[in-house]
Amino acid sequence: MEETMNEVHRYFIKLDDPNKVERKKNLLAIQRVLTEKYPLANTPKKNNREVCVLWNEKFHVPLLKLLRDESERVREISAELILFFYGHMVNTSPMTLSYILPVLKQRLVCKEEIIIEVSEEVRFLLIKILSRILDLPNETEDLKVHLDDLIAILGSCMNDSFADIKVEACENVHKLAKTMPKDFHLTAAGLLNPLAKAMTHQQKKVRVACIKACGVVLHHSGFDDFQVIGSHLAQRLFDPIPQVRLAVSNVAGDLLMNWRCASSCCSLLIPLLLTR
């Protein structure tokens, strides 16, 4: 690790250079050194540990700060480097979560219908970072502290104008529900309205992803929540794309068989199966 820091030190100390071109050049140099020394494919565990120590002791503060940089390219490289560091992690800790999740929320969650991060590419990298975090083994109690922030991030990303960000957010709903099966129900219903809006998107992959995510949310919700989203699912039965209609039927069938509220909602679920 000391050898790595010696190699990148001359670039590291210039990350706060007032010239954005210099900041970009130094970030690219650090990225080159780290990716050559610690390639993600077939990385030994000792390198995993070294990279995690580098993140915790040296890099997390300047990189998270650079996510707010005025230069889009600087923010993009910073996000790529953060994703690189999380790619080497084998688990998370309360400390690492407390570093990154507030910054993700600040960059991704709309304030007065304005997204702070204006670049689609950077927003996509940020939601990929969240996806990587949810892929890692997490202690439920560690994530529970940030549950409201996670729901806010996913809900905001579902309203994003970029289709791939919507799809990634829907996939993260599955991961979050799997990671926090006992706590997801506390705020899961807050995702239904964003999902209902995204369900009419012009790209079929977004509509299918939203329908599947609705099924996950409903499994952790009740009868009243189904009434919010039921009519939107019914509308998708008239979608011109067969995969979208099939997704609705699959979700309805799964809810009818496995949902704890299926008996009280069967009069609403069965029509979703028969209409197709």
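As a starting point, this report considers the structure included with it. (Residues numbered from 1 in each chain as written. Predicted model: local features only at pLDDT ≥ 70, side-chain atom pairs only at ≥ 80, totals over all residues. Heavy atoms only, no water.)

## Regarding a nonpolar patch on the surface
Move 1: A grouping of Ile270, Leu273 and Leu274 is seen on the molecular surface, where their side chains present a nonpolar patch of about 270 Å² in accessible area.
Move 2: Mapped onto the fold, Leu274 is located in helix α14 (residues 262–274).
Move 3: What makes Leu274 exposed here is its relative accessible area of 67%. (Patch = residues over 30% accessible without salt bridge, like charges linked within 9 Å, V, L, I, M, F, W, Y side chains within 5 Å. Areas by Shrake-Rupley, 256 points an atom, 1.4 Å probe, with all protein chains shown as cover. Salt bridge = Lys/Arg side-chain N within 4 Å of Asp/Glu carboxyl O. Helix = DSSP H or I, 4+ residues; strand = E, 2+ residues; numbered from the N terminus. Buried < 20%, exposed > 50% of the residue type's maximum accessible area, 1.4 Å probe, protein only.)

## Brief notes about the environment of Ala247
Move 1: Relative to the elements of secondary structure, Ala247 occurs in helix α13 (residues 242–258).
Move 2: Those residues within four positions of Ala247 in sequence are excluded, and the remaining contacts are Val208 and Ile211. (Contact = heavy atoms within 4.5 Å.)

## Thoughts on the nonpolar core
Move 1: One finds Trp55, Phe59, Phe184 and Leu233 to be the most contacted residues of the largest nonpolar core, which totals 96 residues.
Move 2: When residues of this core are assigned to their parent elements, the largest contribution, 10 residues, is made by helix α11 (residues 204–219).
Move 3: In contact with Trp55, other than residues within four places in its own chain, are His60, Leu63, Leu64, Ile82, Phe85, Tyr86, Met89, Thr96 and Tyr99. (Core = buried A, V, L, I, M, F, W, Y, C linked by side-chain atoms within 4.5 Å.)

## Some words on the packing of α11 against helix α12 (residues 223–235)
Move 1: Running from amino to carboxyl end, α11 crosses α12 at an angle of 160°, the nearest separation of the two axes being 11 Å. Regarding the angle of α11 to α12, the classification is roughly antiparallel. Seen along the crossing, α11 lies across α12 with a hand that is left-handed. Of α12, the residues touching α11 (which contributes Ile211, Cys214 and Leu218) are Asp225, Phe226, Ile229 and Leu233.
Move 2: In terms of residue class, the contact of α11 with α12 is built from 6 nonpolar, no polar and 1 charged. (Axes fitted to C-alpha atoms, helices over the stretch in contact; angles between N-to-C directions. Parallel < 35°, antiparallel > 145°, perpendicular 65-115°, else oblique. Left-handed = near helix turned anticlockwise from the far one by under 90°. Nonpolar A, V, L, I, M, F, W, Y, C, P; charged D, E, K, R; others polar.)

## Examining the pattern of salt bridges
Move 1: According to the stated counting rule, one finds 14 salt bridges in the structure shown.
Move 2: Here Asp160 makes a salt bridge to Arg123, at a shortest N to O gap of 2.6 Å. Of this pair, Asp160 sits in the loop between α8 (147–158) and α9 (163–179) while Arg123 is found in helix α6 (residues 120–135), placing the two residues 37 residues apart along the sequence. An identical accessibility class is assigned to Asp160 and Arg123; each is buried.
Move 3: Salt-bridge contacts for Arg207 lead to Asp239; the nearest nitrogen and oxygen are separated by 2.8 Å. Of this pair, Arg207 sits in helix α11 while Asp239 sits in the loop between α12 and α13, and the two are 32 residues apart along the sequence.
Move 4: Here Arg207 falls in the buried class, since its relative accessible area comes to 7%.

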